[in-house]
Amino acid sequence: MKITILGAGVIGITSAYMLARDGHKVEIIDRNSGPSEECSFSNGAQLSYCHAEPWASFGSLKKGLRWIGQAEAPLLFRPLPSLQMWSWVFEYLKNCNSKAERRNTERILKLGLLSRKVLHEIENDLGFDFSYRKGGKLFIFRDKEEFECYLKQARLQEIYGSKYQILSPVEALEYEPSLRESVGSIYACVRDPMDESADAYEFSVKLVEKLKEMGVKFHFDQKIEKIDTSEGKISRVITDKNEFQSDLFVLSLGAYSSLLAKEIGIKLPIYPIKGYSITVDIKNEEKAPGNSVTDYYEKVVYSRIGNKLRAAGTAEFAGYDDSITGRRINMLKRSTKKYFPYSGDIDNAESWACLRPSTPDSCPVIGKSDRFKNLYFNTGHGTLGWTQNFASAKIITDIIAERLGDYDSEEFDLNWFSASRFN
Ligand SMILES: Cc1cc2nc3c(=O)[nH]c(=O)nc-3n(C[C@H](O)[C@H](O)[C@H](O)COP(=O)(O)OP(=O)(O)OC[C@H]3O[C@@H](n4cnc5c(N)ncnc54)[C@H](O)[C@@H]3O)c2cc1C
């Protein structure tokens, strides 16, 4: 079958890999000159399979309200006169209850664990390095309240298969000696042995080379402007340079997925939530973390990418404005200086910002459109797109092949991620 993927972010290209392996003739359209130049470019690099706490939770809502009006707080909400924003907030609030939190936790965790399994299965076939590290992750907590809040979540996740190990700050130094300077300010730590990290951009560039060898065609520098439909199908996709016909289309346009879907009458509640990162050149190996670290209170994640330290986080509701705000970057620099003050030249770190494609229940949209029989979605991965990427690509490939695989034995329901859950 000829399959056209809209969007060459990490989700689009990994879907291309799985679909091409399944024998399809695949092509990809993207407006940039290469893969993963938007949200997948400079993200936190964590493969957080076991970080399944949905954003829509009573705890996060309480914290968010506390941060209102603080320009350097981890969450910044700029109210806009936008129906898209307010209907997203309404759906988000509907998910802030213990029943929904539990349901969403199970789905996020099982998707993460499947992703880990899939990546381990395909690792050899990929055959290239992408700064992949398998050393687990360390969560750091500043006080008793947030530590206990995390433990509640960790105990829930344990039921569905994740593991955790409580460590005193001094014990944590065994795993992360680079925290020595800041150990006095840490209340407790938790080690997550299953999490990993890797560079999504390096992965993307190398995967594209492999995909070209596999016969996948790339149409870069083409902005998709319109989707035409007729008789319940997508008839063509029109870009500023060309038009494309195909047996089947997969929509993977990140935060922009909802805009094009709206043009053809489909409501996808995917809202852009801006995040920031800084990338520091490491000058002092021992003073930079060897694996992933997450500061639970500020939700800042740290990862090691070769001789660079990436710090990422913050959530800003500002519509489709993806500009870099100095104060948000300052917050990341301040946090990095607190934990890894001698790692490198933090003041001159490279800054970046991008829009996460976020759904109100923190679960992606993967599956077939109810409305157009040759349209499929693989989008809306929010804070965890790099992590969930491998499972999502497998799921969309299996759904297209109408192959149920062994999902039943994993108590995994493919309908969990269907777009129809928002109807
Ligand atoms: C600060 C930050 C830190 C993060 N940290 C992590 C992390 O540590 N771990 C993790 O798992 N996830 C993390 N994420 C989330 C992760 O990066 C995203 O979920 C993921 O990159 C989304 O991938 P995507 O392919 O859906 O979107 P994108 O990478 O944005 O790809 C969408 C593609 O669609 C193209 N496109 C859009 N509109 C058009 C159009 N009209 N015409 C043509 N092309 C178009 C774009 O050019 C782009 O290439 C982080 C995100 C941010 C912002």
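The written sequence of each chain sets the order in which its residues are numbered from 1. It should be noted that, the model being predicted, local features are given only for residues of pLDDT at least 70 and side-chain atom pairs only at 80 or more, the latter also being counted only at that level, while totals for whole chains, interfaces and linings use all residues. The side-chain figures draw on all heavy atoms in the structure; neither hydrogens nor water molecules are used.

**So, the site of the ligand**
Then step 1. Any residue with a non-hydrogen atom lying within 4 Å of a molecule or strand is treated as near it. The environment of the ligand is made up of 34 residues, and the closest members are Asp30, Ser40, Gly44, Gly382 and Thr387.
Then step 2. We define a polar contact as two N or O atoms separated by no more than 3.5 Å, with the added condition that, inside protein, one atom must be a possible hydrogen donor and the other a possible acceptor, whereas residues neighbouring each other in sequence contribute only through side-chain atom pairs. Here a nitrogen atom of the ligand and a backbone polar atom of arginine 31 are 3.1 Å apart.
Then step 3. Calculation on the ligand without its partners gives an accessible area of 1000 Å², and the protein chains cover 97% of this total.
Then step 4. Among the secondary structure elements, those contributing two or more residues to the shell around the ligand are α1 (10–21), β14 (271–281), β18 (350–358) and α10 (385–400). The protein chains shown are the only cover counted for residues, whose accessible areas, like all others here, come from Shrake-Rupley with a 1.4 Å probe. Numbered from the N terminus, helices here are DSSP runs of H or I no shorter than four residues, and strands are runs of E no shorter than two.

**Observations regarding the packing of aromatic side chains**
Then step 1. Stacked, edge-to-face and tilted labels apply to pairs of Phe, Tyr and Trp rings (six-membered ring for Trp) whose centres lie within 6.5 Å, assigned for plane angles under 30 degrees, over 60, and everything in between, in that order. In the structure shown here, the tally under the stated rule is 34 aromatic pairs.
Then step 2. Here phenylalanine 128 and phenylalanine 130 contribute two aromatic rings whose centre-to-centre distance is 5.8 Å and whose plane-to-plane angle is 65°, an arrangement assigned as edge-to-face. Both residues of the pair, phenylalanine 128 and phenylalanine 130, count as buried.
Then step 3. Taking the centre distance of 5.5 Å and the plane angle of 55° together, the rings of tryptophan 386 and phenylalanine 390 count as tilted. Of the two residues, tryptophan 386 and phenylalanine 390 are both situated in helix α10; the distance of four residues between them amounts to about one turn of the helix. Each member of the pair, tryptophan 386 as well as phenylalanine 390, carries the same accessibility label: buried.
Then step 4. Grouping aromatic residues by their ring pairs yields a cluster made of Phe77, Trp86, Trp88, Tyr92, Tyr271 and Phe317.
Then step 5. Both a distance and an angle decide whether a charge sits over a ring: NZ of Lys or CZ of Arg must be within 6 Å of the ring centre and within 35 degrees of the ring normal. Over the face of the ring belonging to tyrosine 256 we find arginine 31, whose NZ or CZ atom lies 4.3 Å from the ring centre.
Then step 6. A cation over an aromatic ring shows up here: lysine 299 above the ring of tyrosine 296, its NZ or CZ 3.9 Å from the ring centre. Exposure categories follow from relative accessible area, calculated using a 1.4 Å probe and restricted to protein chains: below 20% of the type maximum is buried, above 50% is exposed, and the middle band is partly exposed.

**Comments concerning the sheet that holds strand β9 (residues 217–219)**
Then step 1. Here, any two strands with at least 2 DSSP bridges between them count as paired. In spatial order, the strands read β9-β2-β1-β13-β20-β19; together these six strands make up an open sheet with mixed pairing. Of all strands in the sheet, those bounded by a partner on one side alone are β9 and β19 (365–368). Taken pair by pair, the neighbouring strands of this sheet meet at an average axis angle of 20°, ignoring direction.
Then step 2. Of the pairings in the sheet, the one linking strand β1 (residues 2–6) to strand β2 (residues 25–29) comprises five bridges and is parallel in character. Its bridge partner lying in β2, isoleucine 3 is registered against valine 26.
Then step 3. When checking whether two residues touch, look at their non-hydrogen atoms; a contact exists if any pair is within 4.5 Å. Whenever a helix is involved, its axis is fitted only over the stretch in contact; in every case the axis is a line through C-alpha atoms, and angles between N-to-C directions fall within 0 to 180 degrees. Packed on one face of the sheet, α1 meets β1, β2, β9, β13 (248–251) and β20 (375–379) and runs near 170° to β2.

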